Amino acid sequence: TGQPESVLIENLKSQYDTIDVSKVEKFVDLPLSQKSIKGLKESKYTKLTDIQKASVPLALQGKDILGAAQTGSGKTLAFLLPVLERLYCEQWSRVDGIGALVITPTRELAYQIFEALKKVGKYHDFSAGLIIGGKDLKFERKRMDQCNIVICTPGRLLQHMDENPLFDCVTMKILVLDEADRCLDMGFQETMNAIIANLPPMRQTLLFSATQTKSVKDLARLSLKDPSYVSVNEMT
Ligand code: ADP
Ligand code: MG
């Protein structure tokens, strides 16, 4: 306490490379911002699930992730925490534009992620928005420009990219592809490819999928750089 934010951030970042994964049980065992720790505590999250243990430390280190885990294993926090910490460390603020993009197959999943973000990210100062259709494009576009964290469905995002040549995500630092296998099953393969082609190459990407089909591997090849493979089977 009392220390400038920049000192706290440097202190956190200096711990990333020496995280001893075998000793990480609780969220407080990780070098996370006090803002995230507070949000986690209030949401009654204490211990990490297996997929969170396997992926959060690597994601904090800036690695691309190809994660395989069943439904219900806790993937949402596995990507939301790295998103929050990344933007926190960059001292991202509302005027900085889009810092993170989360793509998920359905509106319902987008809502769930948004709700989880509002809870765990409560003490951060980022703006977040849903881009899932249902509102007119102009309204969404105006709002999107003011969002730091955008949660979207593939079709709607591509529509924005296509219809607004100034659609600005060059600032984007971190991309999350949630339930990638379902996105592809729903026929979004071309859409996903087009979206990825539109995004800045200098970014971190976290891809999560319950299954590792050929089309998921193709998407991974296209979107990830030297990924760390993280696979967790909660059934065993
Ligand atoms: P997935 O995306 O892998 O299907 P979710 O992220 O939706 O899983 O999480 C499934 C459930 O587990 C949610 O109700 C969530 O609140 C809960 N959960 C996630 N992480 C933790 C944790 N570390 N401790 C306790 N509950 C958790
Ligand atoms: Mg999920």
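Note that this is a predicted model, so its numbers are computed, not measured.

## Re helix H2 (residues 34-42)
Phase 1 of the analysis: Within H2, burial applies to Ser36, Ile37, Gly39 and Leu40. Burial along H2 is one-sided: seen end-on, the buried residues are contained in an arc of 165°. Of the residues in H2, the exposed ones pointing more than 90 degrees away from the buried face are Gln34 and Lys41.
Phase 2 of the analysis: The elements touched by buried residues of H2 are helix H4 (75-89) and helix H5 (107-120).
Phase 3 of the analysis: Of the residues trailing H2, lysine 44 is marked for its positive phi of about 70°.

## Concerning the side chain of serine 43
Phase 1 of the analysis: Relative to the assigned elements, serine 43 resides in the loop between H2 and helix H3 (50-60).
Phase 2 of the analysis: Beyond its immediate sequence surroundings of up to four residues, serine 43 is in contact with Lys119 and Val120.

## Describing the nonpolar core
Phase 1 of the analysis: Core analysis: the largest hydrophobic core is formed by 46 residues, its most contacted members being Leu32, Phe79, Ile149, Ile151 and Leu206.
Phase 2 of the analysis: Per-element accounting of this core gives the leading share, 10 residues, to H4.
Phase 3 of the analysis: In this structure, isoleucine 151 is in contact with Val102, Ala110, Ile113, Phe114, Leu117, Gly129, Leu130, Ile131 and Ile132, ignoring residues within four places of it in sequence.
Phase 4 of the analysis: Counting 30 residues, the second-largest nonpolar core is a separate cluster that includes Met161, Cys169, Leu184 and Ala220.

## Some remarks on H4
Phase 1 of the analysis: The end-to-end C-alpha distance of H4, which contains 15 residues, comes to 22 Å, matching closely the 21 Å that a straight helix rising 1.5 Å per residue would cover.
Phase 2 of the analysis: Of all 15 residues in H4, 13 are buried; the element is thus mostly enclosed.
Phase 3 of the analysis: Glutamine 91 lies just past H4 and shows a positive phi near 50°.

## Topic: the environment of isoleucine 131
Phase 1 of the analysis: For isoleucine 131, the position within the fold is in strand S3 (residues 128-131).
Phase 2 of the analysis: Sequence-wise, isoleucine 131 and valine 102 are 29 residues apart; in three dimensions their C-alpha atoms are separated by 10.0 Å.

## Concerning the confidence of the model for the protein chain
Phase 1 of the analysis: Residues at a pLDDT of 70 or more form 97% of the protein chain, whose mean pLDDT is 94.
Phase 2 of the analysis: Reported for the predicted complex are a pTM of 0.96 and an ipTM of 0.99.

## Regarding the side chain of threonine 191
Phase 1 of the analysis: Topologically, threonine 191 is positioned in helix H9 (residues 189-198).
Phase 2 of the analysis: Excluding residues within four positions of it along the chain, threonine 191 makes contact with Pro154, Gly155 and Leu158.

## Describing unusual backbone geometry
Phase 1 of the analysis: The phi dihedral of glutamate 179 is positive, around 50°, even though this residue is not glycine.
Phase 2 of the analysis: Summarising the element assignment, glutamate 179 is placed in the loop between strand S5 (174-177) and helix H8 (180-185).
Phase 3 of the analysis: You can call glutamate 179 buried: its relative accessible area is 13%.
Phase 4 of the analysis: Backbone geometry places aspartate 226, a non-glycine residue, at a positive phi of 45°.
Phase 5 of the analysis: Turning to its location among the elements, aspartate 226 is positioned in the loop between helix H10 (214-223) and strand S7 (228-232).

## Thoughts on the state of the cysteines
Phase 1 of the analysis: Per the counting criterion, the structure on display carries 0 disulfides.
Phase 2 of the analysis: The structure places no disulfide on cysteine 183, whose sulfur is separated from the nearest cysteine sulfur, that of cysteine 152, by 9.3 Å.
Phase 3 of the analysis: On the accessibility criterion, cysteine 183 (0% relative accessible area) is buried.

## Considerations on the site of ligand 1
Phase 1 of the analysis: Every one of the 13 residues lining ligand 1 counts as a neighbour, but Tyr45, Lys47, Gln52, Gly72 and Thr76 are closest to it.
Phase 2 of the analysis: In this structure, lysine 47 approaches ligand 1 through a main-chain N or O atom, which is 2.7 Å from a nitrogen atom.
Phase 3 of the analysis: In the model, a nitrogen atom of ligand 1 is placed 2.9 Å from a nitrogen or oxygen of the glutamine 52 side chain.
Phase 4 of the analysis: Across the shell around ligand 1, the residue classes break down as 3 nonpolar, 8 polar and 2 charged.

Definitions and limits used
Residues numbered from 1 in each chain as written. Chains lettered and ligands numbered in written order. Predicted model: local features only at pLDDT ≥ 70, side-chain atom pairs only at ≥ 80, totals over all residues. Heavy atoms only, no water. Buried < 20%, exposed > 50% of the residue type's maximum accessible area, 1.4 Å probe, protein only. Helix = DSSP H or I, 4+ residues; strand = E, 2+ residues; numbered from the N terminus. Arc of directions from axis to C-beta. Contact = heavy atoms within 4.5 Å. Core = buried A, V, L, I, M, F, W, Y, C linked by side-chain atoms within 4.5 Å. Expected span 1.5 Å × (residues − 1). pLDDT = per-residue confidence, 0-100. Disulfide = S-S within 2.5 Å. Near = heavy atom within 4 Å. Polar contact = N/O pair within 3.5 Å; in protein donor to acceptor, adjacent residues only side chain to side chain. Nonpolar A, V, L, I, M, F, W, Y, C, P; charged D, E, K, R; others polar.

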